[in-house]
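Okay, here's what each chain looks like letter by letter:
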Amino acid sequence: MAAVEKLGGNWVIVRGDDADTEDRGSSPEARDAVSSPTREFWTGDGWAAQYGYARQFATQDEADACLAQLRRETF
């Protein structure tokens, strides 16, 4: 399951490594999780293992809207 998280000062869509069950915010654990091999980031076209490819959103609302659209298209 995917979730919206604030990482690196921007909002991104993340899946894997309990992304849907824990709100990490901008804690040290979130920064450590950026490089976790079991997490993937939404690029806008697909999923990437590297945070640098993540589509970044300025606000949580923008990221939530994108995630909602992604869920509609996926299910």
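Placed above this text is the structure.
Every chain is numbered independently, its residues counted from 1 as its sequence is written. Local features are withheld for residues below a pLDDT of 70 in this predicted model, meaning they are given only at 70 or higher, and side-chain atom pairs are given and counted only at 80 or more; totals for whole chains, interfaces and linings count all residues. For side-chain calculations, the full set of non-hydrogen atoms in the structure is used, while hydrogens and water are omitted.

Undergrad: Hey, could you go over helix α2 (residues 60-74) for me, with residue numbers and the actual values?
TA: Here a helix means four or more residues in a row that DSSP labels H or I, a strand means two or more in a row labelled E, and each is numbered from the N terminus. By this rule, a helix spans an expected 1.5 Å times one less than how many residues it contains. With 15 residues, α2 extends 21 Å from end C-alpha to end C-alpha; this agrees with the ideal 21 Å at 1.5 Å per step. Along α2, the residues classified as buried are Ala63, Cys66, Leu67 and Leu70. In a view along the axis of α2, the buried residues occupy a sector of 100°, so they form one face of it. When the buried face of α2 is taken as reference, the exposed residues oriented beyond 90 degrees from it are Asp61 and Arg72. We call two residues contacting when some pair of their heavy atoms lies within 4.5 Å. The elements touched by buried residues of α2 are β1 (2-7), β2 (10-15), β3 (40-42) and β4 (47-48). Each residue's exposure class comes from its accessible area (1.4 Å probe, protein chains only) as a fraction of the maximum for that residue type: buried when under 20%, exposed when over 50%, partly exposed otherwise. Relevant arc is that of directions from the helix axis to the C-beta atoms, nothing else.

Undergrad: Can you lay out the environment of Gln50 for me, pointing to particular residues and giving the numbers?
TA: Looking at where Gln50 falls in the secondary structure, it is placed in the loop between β4 and α2. Note on Gln50: relative accessible area 47%, which makes it partly exposed. Sequence spacing of Gln50 and Glu40 is ten residues, and the spatial spacing of their C-alpha atoms is 7.0 Å.

Undergrad: Go over the pairing of β1, please, and point to the residues and values.
TA: Counted residue by residue, β1 has five buried out of six residues, so it is predominantly covered. As defined by bridge partners, β1 adjoins β2 across six bridges and the pair is classed as antiparallel. Each residue of the ladder has a partner; that of Ala3, found in β2, is Val14. Any two strands with at least two DSSP bridges between them are considered paired. Between β1 and β2, which follow one another and run antiparallel, lie two residues, and Gly8 among them has a positive phi close to 60°.

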